[in-house]
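# Analysis of the macromolecular model
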Amino acid sequence: MPDLLLFLPVCFALNLAFGPNNLLAMTHGAQKGVLFAFTASLARLGIFIPMITASALGLGLLLSASALVFNAVKIIGAAYLIWMGIRLLKSAPGKADWDAEDMKPSLQKAFRGEALVAVSNPKAILVFAAFFPQFIDTSHYWTSYAILGASFIALEAIAILIYATAGRFAVAFASTKLHWFQRASGSGMIIFGLLLLLSRQPGRGAA
């Protein structure tokens, strides 16, 4: 599969792109450590696997067929990001607040948040429905899709670890400036939430 040599670096660039899920991984890493952030991010991978499978089955368009479902999921995901961002901004600046237990989500809440943001992100649908097919070997369709899908999931896991470690690194080595990290995380989540609300349904142009 010679196209794999091109697919891997391009795919990893997409995995590393700074977005709402990676911001969550960084924030969770700062709050409760790399292992916690990675465990919560398994929800993201659990969402991506059936999306890749649907794309392989030629059902990518069905992921964006229902405007009602798309908009409902999008609003829920955006609301979660905005709510979490506001919580971070409202807390008083400083390491004590960042370390406060009420600022640390439970694994169940973090897991649910990762899943909501992953399923509500239209970019993920476009990656699987439009990006993957460009690298498919039609003579070995299923093997090809399985390799691409497994590669994407593996690279996504690496990206999660990188962002979670970056968050933990900020806590360990920049404790005097954590209020800036806290504010940046909160502001970033609100911005991503608002952008998510403004995003169009994949596969649909302007009305």
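This text gives an overview of the structure that appears in the document. All residue numbers here refer to positions counted from 1 along the written sequence of the relevant chain. In view of the model being predicted, local features appear only for residues whose pLDDT reaches at least 70, and side-chain atom pairs are presented and counted only at 80 or more, with totals across whole chains, interfaces and linings using the full set of residues. With hydrogens and water set aside, each side-chain value is computed from the structure's full complement of heavy atoms.

Helix and strand counts for the protein come out as nine helices and zero strands. Secondary structure is summarised from DSSP: a helix means a run of H or I of at least four residues, a strand means a run of E of at least two, and numbering begins at the N terminus for each. Helices and strands appear in the protein in the N-to-C order α-α-α-α-α-α-α-α-α. Between two residues, a contact is recorded if the distance between any of their heavy atoms is within 4.5 Å. A separation of at least 24 residues holds for 86% of the contacts in the protein among residues at least 6 apart in sequence. If you sum the accessible surface of the protein, you get close to 10400 Å²; carbon and sulfur atoms cover 72% of it. Per-residue accessibility takes into account occlusion by the displayed protein chains alone, with areas from the Shrake-Rupley method and a 1.4 Å probe.

Right, let's get into the side chain of R44. Looking at where R44 falls in the secondary structure, it is placed in helix 3 (residues 34-56). Polar side-chain contacts of R44 include one of 2.9 Å to the backbone oxygen of N21. Contact partners of R44, with chain neighbours within four places excluded, come to N21, N22, A25, E114, A118, E156 and I160. A 3.5 Å cut-off defines polar contacts: any pair of N or O atoms within that distance qualifies, except that in protein one atom must be a possible hydrogen donor and the other a possible acceptor, and neighbouring residues in sequence count only when both atoms are side-chain atoms.

Here a Phe, Tyr or Trp ring, Trp counted by its six-membered ring, pairs with any other such ring whose centre lies within 6.5 Å, and the pair is stacked when the planes are under 30 degrees apart, edge-to-face when over 60, and tilted otherwise. Counted according to the given criterion, the structure contains 11 aromatic pairs. Residues F7 and F132 carry aromatic rings whose centres are separated by 5.6 Å and whose planes lie at 80° to one another, so their mutual orientation is edge-to-face. Here the residue F7 occupies a position in helix 1 (residues 4-16), and F132 occupies one in the loop between helix 7 (122-131) and helix 8 (141-173), the gap between them amounting to 125 residues. Each member of the pair, F7 as well as F132, is classed as buried. Where F48 meets F152, the ring centres are 5.8 Å apart and the plane angle is 70°; that geometry is what we call edge-to-face. In this pair, F48 sits in helix 3 while F152 sits in helix 8, placing the two residues 104 residues apart along the sequence. As far as the burial class goes, F48 and F152 line up, both buried. Ring-pair connections join several aromatic residues into one group, and the members of that group are F7, F48, F128, F132, F135, Y141, W142, Y145 and F152. The classification of residues rests on relative accessible area computed with a 1.4 Å probe and restricted to protein chains. Under 20% of the type maximum is buried, over 50% is exposed, and intermediate values are partly exposed.

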